[in-house]
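Secondary and tertiary structure notes
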Amino acid sequence: MDREFHYVIYPIELEGSPVGRLAVLSDNQAMYTKMRRYMVLQIGVTVLIFTGLLLLSWRLQLIFTQPITQLVQGMRHIGSSKDYSTTLHTDRTDEFGELYQGFNAMLREVRVRDEKLSHLATTDPLTGLANRRFALETMQTLAAQSERNQTPLGVILLDVDHFKQVNDTYGHPVGDLILQQVAQRLQSSIRTDDIAARFGGEEFLVLCADTDVPTAVQVAERIRTVVAEQVFTTPQGATLRVTVSLGVQASITTPEAMMQLVEAADQALYCAKQAGRNRVVAHTEGAA
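So, here's what we can say about the structure. (Residues numbered from 1 in each chain as written. Predicted model: local features only at pLDDT ≥ 70, side-chain atom pairs only at ≥ 80, totals over all residues. Heavy atoms only, no water.)

**Considerations on the overall build of the chain**
Tallying secondary structure elements over the chain gives eight helices and nine strands in all. Taken against the 2.2 N^0.38 rule, which gives 19 Å for 288 residues, the C-alpha radius of gyration of the chain at 44 Å runs more than 25% over that of a compact globule. Overall, the chain is about 155 × 50 × 30 Å in size when its C-alpha atoms are taken along their principal axes. With 288 residues in all, the chain has 33% of them scored as buried. (Helix = DSSP H or I, 4+ residues; strand = E, 2+ residues; numbered from the N terminus. Rg over C-alpha atoms; globule rule 2.2 N^0.38 Å. Buried < 20%, exposed > 50% of the residue type's maximum accessible area, 1.4 Å probe, protein only.)

Dropping the structure here:
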């Protein structure tokens, strides 16, 4: 065999004696042509198969991999940010669409529970006002704002007068009812940006950002008047009136010194009680 041809030579014998040779000669070009056609066909088939696999892979990714990846990314984002208000959007109506809907429903439940827990953690269960913990945390923020802007922070501390007598005379359920209604009058009397909280027992706290002493006294006097004018009715039909005493202080403060405002308002509240109750006393007034 050489480059151009390949051949076979075979001896021919007759009764044991050589009579000639048989030679078969073939042109290699025809064989090469067939081989090239075969190779081209094989490459073409391979390319088509590979292209088909790529298209199938892309399609499978759209159908299966992409929605799962997006769902995992959404879960990771929510897990790191704790932003349960996020909603994962999809136009799919198949099983993956149902999976997204189920995940969003779970997020809504988590969000509702989170809001309830947050509300329970920051709200006094009896009066519905902010609790002491939330009031002190908010006061930290307002004190930092007071220091940064050099504006006074007003604090009003008030106490229901003779509340022990109410409990002793009418019972604790009526006492709780009185606290609830005083809290309602308190909330309706303060300004939009003021924050009212139950500070403990029958004591309430009002925080007034960017408020000086005269303005805080005006707010406190409005609270005192509204409560004093209210006639409270017990479940048994008895009527009674209660009053509140209020201590006021306001000054520029810092988070480190904010409790001094509360202490000053408490001193003014003590002076209000000593002076006969049902009155407003500012700290400067009480100190004098």
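**Some remarks on the pairing of strand β8 (residues 244-251)**
Most of β8 is tucked away, with seven of its eight residues classed as buried. Pairing of strand β3 (residues 153-160) with β8, which is carried by eight bridges, proceeds in the antiparallel orientation. By the bridge assignment, valine 155 is partnered in β8 with glutamine 249. Pairing of β8 with strand β9 (residues 280-282) involves three bridges; the strand directions are parallel. Following the sheet pairing, glycine 247 is matched in β9 by valine 281. With respect to chirality, the unit in which β8 leads through helix α7 (residues 258-274) into the neighbouring parallel β9 is left-handed. (Pairing = 2+ DSSP bridges. Right-handed = clockwise from strand over helix to strand, strands pointing away.)

**Here's the deal with the side chain of threonine 234**
Following the sequence through the fold, threonine 234 ends up in the loop between β6 (232-233) and β7 (239-240). Excluding residues that lie within four positions of it along the chain, threonine 234 makes contacts with Tyr170, Val174 and Leu240. (Contact = heavy atoms within 4.5 Å.)

**What about the sheet that holds β8?**
In any sheet, the strands associate via hydrogen bonds between backbone groups, in a parallel or an antiparallel arrangement. As summarised here, the arrangement of the five strands in space is β4-β5-β3-β8-β9, forming an open sheet in which the pairing is mixed. Edge positions in the sheet fall to β4 (195-200) and β9, since each of these pairs with one other strand and no more. For this sheet the average axis-to-axis angle between neighbouring strands, irrespective of direction, equals 20°. Pairing analysis gives six bridges linking β3 to strand β5 (residues 203-208), with the strands arranged antiparallel. From the neighbouring strand, glycine 154 faces β5, where its bridge partner is cysteine 208. Packed onto the sheet, helix α6 (residues 213-229) meets β3, β5, β8 and β9 and runs at close to 165° relative to β8. (Axes fitted to C-alpha atoms, helices over the stretch in contact; angles between N-to-C directions.)

**Regarding the packing of aromatic side chains**
Counted according to the given criterion, the structure contains zero aromatic pairs. The ring centre of phenylalanine 199 lies 4.0 Å from the NZ or CZ of arginine 132, which sits over that ring. (Phe/Tyr/Trp six-rings, centres within 6.5 Å; stacked < 30°, edge-to-face > 60°. Lys NZ or Arg CZ within 6 Å of the ring centre and 35° of its normal.)

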